[in-house]
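Coordinate inspection notes
Given next are the chains, with one letter for each unit.
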Amino acid sequence: MKVGIIMGSKSDLDTMKKASAILDEFNIPYEMVIASAHRTPEAVKSFVERLEAEGAIAFIAGAGAAAHLPGVVASFTTVPVIGIPLNATALKGIDSLLAIVQMPSGMPVATMAVDGAKNAALFAVQIGATFNKELKEKYVAYRKDMGGLLSWLISIWKN
């Protein structure tokens, strides 16, 4: 089991590291690359095809502005692709959100919130948990811990 993380620019790295942190927490191996749908499409294709052959369960693709990268990744694989619209323009990522969510019929891309790298990784965890019992147990515990933290915060707020 492995996840591919791909972004089009080095400036996207700080946001995309939030995805890798979650995958680290769940001990899910991943590879992270910078490859552009426009400047280095062959590198994108090579990365996607190699990881799919190695058993990738999902790809997380972050993109800003025109946001072609998640769709291009989807065109090279049948593995689920999770798109992260990045806040990279004066439109604060809304342009990216609209571009990713509007993938053409037949090329589905799950779309997260702007800069939603953490949720993208958690979605990849959910994908893996559908067929890996140990991962499912870790994810269930993670969700229970979230509820415990929320309850604790609410109790502090009330007092």
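Residues numbered from 1 in each chain as written. Predicted model: local features only at pLDDT ≥ 70, side-chain atom pairs only at ≥ 80, totals over all residues. Heavy atoms only, no water.

**A word on the pattern of salt bridges**
The full count for this structure, using the stated rule, is four salt bridges. Salt-bridge contacts for Glu31 lead to Lys2; the nearest nitrogen and oxygen are separated by 3.0 Å. Here the residue Glu31 occupies a position in strand β2 (residues 30-34), and Lys2 occupies one in strand β1 (residues 2-7), the gap between them amounting to 29 residues. The class of Lys2 is buried, set by a relative accessible area of 16%. Taken together, the shared-partner salt bridges in this structure form one network comprising Lys2, Glu31, Arg50 and Glu54. (Salt bridge = Lys/Arg side-chain N within 4 Å of Asp/Glu carboxyl O. Helix = DSSP H or I, 4+ residues; strand = E, 2+ residues; numbered from the N terminus. Buried < 20%, exposed > 50% of the residue type's maximum accessible area, 1.4 Å probe, protein only.)

**Here's the deal with the layout of surface pockets**
Approximately 220 Å³ is the volume found for the largest pocket. Along its surface, the largest pocket is lined by 17 residues, and Gly8, His38, Arg39, Ala63 and Gly64 are the ones closest to its centre. A class-by-class count of the residues in the lining of the largest pocket yields eight nonpolar, seven polar and two charged. (1 Å grid on protein atoms, 1.4 Å probe; cavity = no way out; pocket = protein on both sides within 12 Å on 5 of 7 lines; lining within 4 Å. Points joined across faces, edges and corners; volume = space filled by probe spheres on them. Nonpolar A, V, L, I, M, F, W, Y, C, P; charged D, E, K, R; others polar.)

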